[in-house]
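Observations on the model geometry
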Amino acid sequence: MKEISEILKAYSEAKATGKKTALATVVKVEGSSYRQPGARMLVTEDGLLTGAISGGCLEGDALRKALLSIHQQQNKLITYNTTNDEDAEVGLQLGCNGIVHILFEYIDETLENNPIRLLQQLQAERKPAIISTLFSLQKQARQDGTILFYRENSDPLCSNNIAFELLPDAKKVLEDKLTMLKKLNENNNTEALIEYITPPVSLIIVGAGNDVQPLVKMVEIAGWEITIAEGRATHATKKRFPEAKQILVGKPEQVFENINIDHQTYFVLITHNYKYDLAMLKLLLQTDCRYIGILGPKTKLNRMLDDLLSEGIKVTEEQLNRIYGPIGLDIGAETSEEIALSIVAEIKAMMSGKTGTSLKYKTGKIHNTAPYVE
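Residues numbered from 1 in each chain as written. Predicted model: local features only at pLDDT ≥ 70, side-chain atom pairs only at ≥ 80, totals over all residues. Heavy atoms only, no water.

So, empty space enclosed by the protein
This model, assessed by the stated rule, comprises 1 cavity of 30 Å³ or more. Its volume calculated, the largest cavity comes out at about 40 Å³. Considering the residues around the largest cavity, the lining is formed by 10 residues, among which Ser33, Tyr34, Ser54, Leu58 and Val100 are closest to the centre. Tallied by class, the residues present in the lining of the largest cavity amount to 6 nonpolar, 3 polar and 1 charged. (1 Å grid on protein atoms, 1.4 Å probe; cavity = no way out; pocket = protein on both sides within 12 Å on 5 of 7 lines; lining within 4 Å. Points joined across faces, edges and corners; volume = space filled by probe spheres on them. Nonpolar A, V, L, I, M, F, W, Y, C, P; charged D, E, K, R; others polar.)

Quick notes on the sheet that holds strand β2 (residues 40–44)
If you trace the 5 strands from one edge of the open sheet to the other, you get β3-β2-β1-β5-β4, paired in antiparallel fashion. A strand with exactly one partner marks an edge of an open sheet, and here the two such strands are β3 (49–51) and β4 (76–81). Strand-to-strand twist in this sheet, taken as the mean axis angle between neighbours without regard to direction, amounts to 25°. Alignment of β2 against β3, held across 3 bridges, turns out to be antiparallel. Considered in β3, the bridge of Val43 is made with Leu49. Most of the contacts of helix α1 (residues 2–16) go to β2, to which it runs at about 15°, and overall it touches β1 (21–31), β2 and β3. Across the sheet, helix α2 (residues 59–72) touches β1, β2, β3, β4 and β5 (98–106), and the angle it forms with β2 is around 60°. (Pairing = 2+ DSSP bridges. Helix = DSSP H or I, 4+ residues; strand = E, 2+ residues; numbered from the N terminus. Axes fitted to C-alpha atoms, helices over the stretch in contact; angles between N-to-C directions. Contact = heavy atoms within 4.5 Å.)

Considerations on the packing of helix α8 (residues 274–284) against helix α9 (residues 298–310)
Look at α8 against α9: their axes get within 11 Å of each other, and the N-to-C directions meet at 60°. Here α9 runs oblique to α8, going by the angle between their axes. In this structure, α8 meets α9 at a crossing whose hand is right-handed. Residues Tyr274, Asp277, Leu278, Leu281 and Lys282 of α8 form the contact with α9, whose own contacting residues are Lys300, Arg303, Met304, Asp307 and Leu308. Split by residue class, the contact of α8 with α9 holds 5 nonpolar, no polar and 5 charged. (Parallel < 35°, antiparallel > 145°, perpendicular 65-115°, else oblique. Left-handed = near helix turned anticlockwise from the far one by under 90°.)

Notes on the UniProt feature "domain: XdhC Rossmann" (unreviewed entry) in the protein chain
Per the UniProt record, "domain: XdhC Rossmann" (unreviewed entry) is annotated on residues 203–347. With 40% helix and 17% strand, residues 203–347 has end C-alpha atoms that lie 10 Å from one another. (UniProt positions renumbered as here; feature names shortened; annotations may be inferred.)

Here you go:
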């Protein structure tokens, strides 16, 4: 979602200065690739790139293709075959061992539901949504591009009649929470990327000490939304945490009342104030928050559980599974910067259903492949 937010910001700036743009989207990958379907990059007519469709190896040629799309005001699909080091199409030794199909869409501001306007709907609410992109692998075929935005309990935005036909699939993808590739027409190789997009991660950092600052910087780079919650007004300030979207100062109960918790909300308790952390944990156990990270040794967590039990609050197995204490992956972290790295890595692993082990020992593909429906 960070990439899309940056693209929308770049588009707004380009529009303000009268610059034409094109959107490049990875729509299909066969084999291995640095980026997966749904990766996007905005290109302005003066060559400014925002976002990424590869690790940097395709961007140079993609810039030329995007400028051609802008000049001709047409959508174009380009295929890059990176399975051969002697790839003549790009002229670079890529070594990714995959075939990457990238759709270039000219952004026509006169069209009511152009790709950018559909992407802008993602920022309207903190709810999962579906973006559908239609493309054909057949040369000279029509490339419809981004045609559908759908969110549960909202009217879909469609740019053509085919988009309405994709609604049942969009609803299924939203229900399954899994991006899908679907073949629509065998004759002209028309396919649809039906993409499941979640709102940005919301990380609530309960604490505003000096050791929180490197954590905030890492989280900001990751594109997560940051809320700082503290009882000390002297520590929880915008000057100390300019990256934070929200700063809340008050007792745990006061802070808690001003936080919206959804499926993408995660908590880190790092105040170094035992009573404050305990009070916040007590409140969080009443929610369905998926991650409650607690800084400190195992003895601190055990003490918290004992104190809760003495108040008549028995933490269930399900609740205990949502508590991560001591917080972070075991990477031998010592400094506040290293601890921040281990915390961010643990949250990301938990979100992805991973254990955080080294890729060296992974036998299959690094990335999960979107299911393909005939």
